[in-house]
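Architecture at a glance
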Amino acid sequence: MTACKTHSKEFFGSNRRMIRYAAQFCLLLLSCLLAATQALAAKIENVRIWPAPDHTRIVFDLDKPVGHKVFSLTGPDRLVIDLDNASTKADIESLSLNDTPIGKIRTAVKNGSDMRVVLDLSSKVQPRSFLLKPNKQYGDRLVIDLVYKEKTSKPKAVTQPAANPTGARDIIIAIDAGHGGEDPGAIGPGRVREKTVVLAIAKKVQSLLQKERGFAPAMIRTGDYYVGLRARTERARKFRSDLLVSIHADAFKDHRPRGSSVFALSQRGATSETARWLADSENSADLIGGVEGSLKLDDKDKVLAEVLLDLTMTATLSDSLKVGQSVLRSMGTVNKLHKSDVEQAAFLVLKSPDIPSILIETGFISNPREAKNLQSSSYQWKMARSIVKGIKEHFSKNPPPGTLLAYQKSQRDARHYVVARGDTLSAIANRNKVSVGSLRKANKLRSDTLYVGQRLQIPRS
């Protein structure tokens with residue numbers, strides 16, 4: 001009996017030790033697995049928020065790509081962002097939420113290693129998300145766009161001046177400041193950013209054009225936020241623009257290159273864009289042949305559509321080169337020109353088939369001297385004045401039909417006749433080979449009564 005008790009104690013004592021050792025081993029294994037999981041977890045290194053008129057963009061800077069899921073909840077409105085196997089070093093909950101539909105940001109750990117970010121919303125949004133690969137400025141990024149539902153995403157309409165006795169419209173210039181938001185563009189000495197200086201110049205161009213009778217400026221972006229390249233041309237079309245001017249600052253790996261440039265679309269770029277538009281059913285239904293035109297492609301034979309669009313692109317490219325040369329010549333009075341002629345490249349922002357478009361490189365931000373100039377307000381005004389001067393010179397010679405400048409040009413170009421004794425309206429019309437009706441209209445005559453010495457405009461036959 002005593003022997004049995006002894007063996008029992010030895011047996012149970014040995015097993016308790018084994019259980020204790022096994023438990024310690026499991027805890028050690030779990031600790032190792034947790035450490036390995038944490039080592040593999042993605043880290044949120046920074047979070048940036050960019051409010052825009054039609055959306056708010058949230059950018060998560062990551063040390064590696066991350067799996068994620070985004071979904072909405074109601075009662076109250078919230079947006080939930082789940083990040084797989086992720087942690088954060090950023091103080092997300094203290095971010096500035098001014099001018100955004102976000103009331104508050106909350107974070108929590110989910111399933112031990114995942115991360116949940118909850119946005120309390122003050123208005124309805126349509127979320128969209130995507131991952132971006134590393135570039136020169138940033139590493140991996142998760143981008144969340146909150147597209148406003150209750151606010152219109154259309155650009156603000158360009159208002160026409162009330163006092164215009166001719167009834168003719170203004171020439172609308174769409175002004176596009178390149179880059180913006182999380183896209184700084186080129187970065188020069190002293191960390192000067194392209195997006196900052198080109199927006200300053202664009203606003204000065206806007207201010208100058210607002211003072212010019214017959215012109216109406218329209219800004220593609222008005223603040224520090226990003227607009228997609230195709231969205232820029234779409235906004236210009238919604239403005240019913242006569243010209244799109246995209247303002248940039250060049251950069252090169254060598255700090256020595258300097259000078260201003262102007263680009264128009266290359267023929268190869270125009271050819272590829274023609275094919276894209278014809279292949280895109282939505283684009284094919286858009287107005288082609290000028291924003292004031294009424295030509296549609298969706299009801300045309302394919303060959304005819306190709307011919308019509310090709311003619312439109314050719315005319316648009318020709319106008320782009322003309323206005324580009326005028327602007328380049330004017331900019332040459334302010335800064336050295338990098339090239340004396342308008343260059344051509346397949347920039348996406350220039351690919352509108354029905355709006356003449358130019359891209360201006362105001363200078364090399366990688367050049368210390370030009371970087372300093374581009375940051376100077378007085379230099380920005382000089383550059384803006386030269387751009388506006390070039391635009392005015394082009395449109396004074398080539399005004400779009402129906403505009404105030406076209407009316408003024410027709411007045412300058414009209415022939416004149418001074419009424420002599422015995423003249424009648426019909427005799428003057430016959431002598432100048434014009435109709436009586438056109439003569440009345442050109443001179444705004446309410447009757448056929450004339451007086452000696454009266455000066456009549458003779459319209460072109």
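Located above this text is the structure these notes cover.
The residue numbering used here restarts from 1 in each chain and proceeds along that chain's sequence as written. For this predicted model, a pLDDT threshold of at least 70 governs which residues receive local features, and a threshold of 80 or more governs which side-chain atom pairs are given and counted, while totals over whole chains, interfaces and linings are taken from all residues. Derived side-chain values reflect all non-hydrogen atoms in the structure, with water molecules and hydrogen atoms excluded from consideration.

**Overview of the overall build of the protein**
Here is the rule we go by: Starting at the N terminus, helices and strands are each numbered in turn, a helix being any DSSP run of H or I of at least four residues and a strand any DSSP run of E of at least two. Exposure is judged per residue with a 1.4 Å probe applied to protein chains only, and the accessible area is read against the type maximum: over 50% gives exposed, under 20% gives buried, and values in between give partly exposed. Working rule for contacts: check all heavy atoms of both residues, and any pair within 4.5 Å makes them a contact. Working definition of accessibility: Shrake-Rupley area with a 1.4 Å probe, residue cover restricted to the visible protein chains.
A tally of regular secondary structure across the protein gives 11 helices and 17 strands. Burial statistics for the protein: of 461 residues in total, 44% are counted as buried. The contacts in the protein between residues at least 6 apart in sequence include a share of 69% that link residues at least 24 apart. Working note: accessible area of the protein is about 24,600 Å², and carbon and sulfur atoms make up 54% of it.

**Here's the deal with the pairing of strand β7 (residues 114–121)**
Put simply, the test is: Any two strands with at least two DSSP bridges between them are considered paired.
Across the eight residues that make up β7, a large majority, six, are buried. For strand β4 (residues 78–83) and β7, the ladder comprises six bridges, and the chain directions are antiparallel. Its bridge partner being in β7, I81 is matched across the sheet by V117. Bridging between strand β6 (residues 102–110) and β7 involves eight bridges; their strand directions are antiparallel. In the strand pairing of β7, K110 is matched with D114. Following β6, the chain reverses through three residues before pairing antiparallel with β7; N111 in that reversal takes a positive phi of roughly 55°.

**Side note on the packing of helix α2 (residues 194–210) against helix α8 (residues 377–397)**
What counts is decided by this rule: Here an angle of 0 to 180 degrees is reported between the N-to-C directions of two axes, which are lines fitted to C-alpha atoms, with helices fitted over the stretch in contact. An angle counts as roughly parallel when it lies under 35 degrees, as roughly antiparallel when it exceeds 145, as roughly perpendicular when it falls between 65 and 115, and as oblique in every other case. In this scheme, a crossing is called left-handed if the near helix is turned counterclockwise away from the far one by less than a right angle; it is called right-handed if the turn is clockwise. Ten residues, namely Ala, Val, Leu, Ile, Met, Phe, Trp, Tyr, Cys and Pro, are considered nonpolar, four, namely Asp, Glu, Lys and Arg, are considered charged, and the remaining ones, Gly among them, are considered polar.
The N-to-C vectors of α2 and α8 enclose an angle of 55°; their axes lie 9 Å apart at closest approach. When the axes of α2 and α8 are compared, the pair comes out oblique. The handedness of the crossing between α2 and α8 comes out as right-handed. Together, V197, A200, I201, K204, V205, S207, L208 and L209 of α2 and S377, Q380, W381, M383, A384, R385, I387 and V388 of α8 make up the contact between the two elements. When the residues that make up the contact of α2 with α8 are grouped by side-chain class, the tally is 11 nonpolar, three polar and two charged.

**Some points on helix α7 (residues 368–375)**
Applicable threshold: Here the arc refers to the directions that run from the helix axis out to each C-beta atom. Within 3.5 Å is the distance limit for a polar contact, defined as a pair of N or O atoms, with the added protein rule that one can donate a hydrogen and the other accept it, and that residues adjacent in sequence qualify only through two side-chain atoms.
Among the residues making up α7, those that are buried are E370, A371 and L374. For α7, the arc enclosing every buried residue in end-on projection is 105°, short of the 170-degree limit, so these residues lie on one face. In α7, the exposed positions that point more than 90 degrees away from the buried face belong to R369 and K372. Where α7 starts, the residue carrying a side-chain oxygen 3.0 Å from the main-chain nitrogen of R369 turns out to be N367.

**A few points about the sheet that holds β6**
Paired through their backbone hydrogen bonds, the strands of a sheet run either parallel or antiparallel. Across the sheet, which stays open at both edges, the four strands sit in the order β3-β4-β7-β6 with antiparallel pairing between neighbours. Strands with a single pairing partner mark the edges of an open sheet, and in this sheet they are β3 (68–73) and β6. Taken over all neighbouring pairs, the strand axes of this sheet differ in orientation by 15° on average, direction set aside. In this sheet, β4 lies alongside β3 in antiparallel orientation, the contact comprising six bridges. Residue pairing for β4: F71 is matched across the bridge by V80.

**Points about the sheet that holds strand β1 (residues 42–51)**
Here five strands make up an open sheet; going across it, the order is β5-β1-β2-β9-β8 and the pairing mixed. Every interior strand has two partners, whereas the edge strands, β5 (86–88) and β8 (125–132), have only one. Taken pair by pair, the neighbouring strands of this sheet meet at an average axis angle of 30°, ignoring direction. Inspection of the sheet shows β1 paired to β5 by three bridges, in the parallel sense. Paired with A42 across the two strands is A86, which belongs to β5.

**Focus: α8**
Applicable threshold: To estimate how far a helix should reach, multiply one less than its number of residues by 1.5 Å.
With 21 residues, α8 should cover 30 Å at 1.5 Å per step; its first-to-last C-alpha distance of 31 Å lies within 8% of that length. When α8 is considered as a whole, its buried residues turn out to be Y379, Q380, M383, A384, S386, I387, V388, G390, I391, H394 and F395.

**Quick word on the nonpolar core**
Applied cut-off: Each nonpolar core is a collection of buried residues, namely Ala, Val, Leu, Ile, Met, Phe, Trp, Tyr and Cys, held together in the definition by side-chain atoms within 4.5 Å.
Counting 60 residues, the largest nonpolar core has I173, V205 and I391 as the members making the most contacts within it. Leaving out residues up to four positions away in the same chain, V205 has contacts with I175, I247, A384, I387 and V388. In this structure, A42, V47, I49 and A90 belong to the second largest nonpolar core, which totals 26 residues.

**As for the packing of α7 against α8**
It is the contact of α7 with α8, at a shortest axis distance of 5 Å, that shows an interaxial angle of 85°. Compared by their axis directions, α7 and α8 come out roughly perpendicular. For the pair α7 and α8, the contacting residues are N373, L374 and Q375 in the first and S377, Y379 and Q380 in the second. Considered class by class, the residues forming the contact of α7 with α8 number two nonpolar, four polar and no charged.

**Re unusual backbone geometry**
Geometrically, the link from G75 to P76 is a cis peptide bond, its omega value of 0° lying close to zero. Structurally, P76 is set in the loop between β3 and β4. Residue H179 is not a glycine yet carries a positive backbone phi of 60°. Positionally, H179 belongs in the loop between β10 (171–177) and α2. Residue R191 is not a glycine yet carries a positive backbone phi of 65°. Considering the arrangement of structural elements, one finds R191 in the loop between β10 and α2. With a relative accessible area of 58%, R191 lands in the exposed category.

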